[in-house]
Amino acid sequence: MPEPTVVDAVDAADATVVDPTVVAADYFQSYSVVGLLAVVGVLFVAVAFGAGRLLRPVVPTPEKLLTYECGVDPVGEGWAHTQVRYYVYAFLYVIFAVDSIFLFPWATVFAAPGYGATTLVEMFIFLGFLAVGLLYAYKKGVLAWT
């Protein structure tokens, strides 16, 4: 948002000069309300966490310090190997979710007069990038189920 300029404003109704500090004060008053709400929100969360810390009982026992796994006592170490392909599937999902997020607004703009050819070309360029990414994932064997 551009910064307000401090100039003498003339009121059109009675042709009197308005003090520029009043105009600036009105401008910053709206931000002070937002700042005050942010401070109140931070204080509310801080007081809630502080009260929880003061009021909770602290009685550490070996049973409470044990890792909980669905009601079954843990066996072995806490480290487990996860295959990278699951992350790649998640990444591909995110790519196509973002694709759908861009396709819906594009469809509304495409229907507006004067935007048809331009938005059509832009969308084919966007879909081309996605197709290249999908082709790359296919060539690397990411999409093959084993």
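Here is what the cut-offs are and how they apply
- Residues numbered from 1 in each chain as written.
- Predicted model: local features only at pLDDT ≥ 70, side-chain atom pairs only at ≥ 80, totals over all residues.
- Heavy atoms only, no water.
- Helix = DSSP H or I, 4+ residues; strand = E, 2+ residues; numbered from the N terminus.
- Buried < 20%, exposed > 50% of the residue type's maximum accessible area, 1.4 Å probe, protein only.
- Areas by Shrake-Rupley, 256 points an atom, 1.4 Å probe, with all protein chains shown as cover.
- Expected span 1.5 Å × (residues − 1).
- Patch = residues over 30% accessible without salt bridge, like charges linked within 9 Å, V, L, I, M, F, W, Y side chains within 5 Å.
- Salt bridge = Lys/Arg side-chain N within 4 Å of Asp/Glu carboxyl O.
- pLDDT = per-residue confidence, 0-100.
- Contact = heavy atoms within 4.5 Å.

Observations regarding the overall build of the chain
Phase 1 of the analysis: A tally of helices and strands in the chain yields 4 helices and 2 strands.
Phase 2 of the analysis: N-terminal to C-terminal, the α/β element order of the chain is β-β-α-α-α-α.
Phase 3 of the analysis: When burial is assessed residue by residue, the chain has 7% of its 146 residues classed as buried.
Phase 4 of the analysis: Carbon and sulfur atoms make up 73% of the accessible area of the chain, which amounts to about 12,900 Å² in all.

Comments concerning helix α4 (residues 116-139)
Phase 1 of the analysis: For α4, built from 24 residues, the straight-helix expectation of 34 Å at 1.5 Å per residue is met to within 8% by its first-to-last C-alpha distance of 34 Å.
Phase 2 of the analysis: Within the span of α4, buried status applies to Thr119, Met123, Leu130 and Ala137.
Phase 3 of the analysis: Note on α4: the residue one or two positions beyond its end, Gly141, has a positive phi of about 85°.

Considerations on a nonpolar patch on the surface
Phase 1 of the analysis: Judged by side-chain polarity, Phe96, Leu134, Leu135, Tyr138 and Leu143 come together as a nonpolar surface patch covering roughly 460 Å² of accessible area.
Phase 2 of the analysis: No other element matches α4, which puts 3 residues into the nonpolar patch.

Side note on the confidence of the model for the chain
Phase 1 of the analysis: Residues with a pLDDT of 70 or more make up 77% of the chain, whose mean pLDDT is 77.
Phase 2 of the analysis: Per-residue pLDDT stays below 50 along residues 6-12; that stretch engages in 12 contacts with residues further than four places along the chain or on separate chains.

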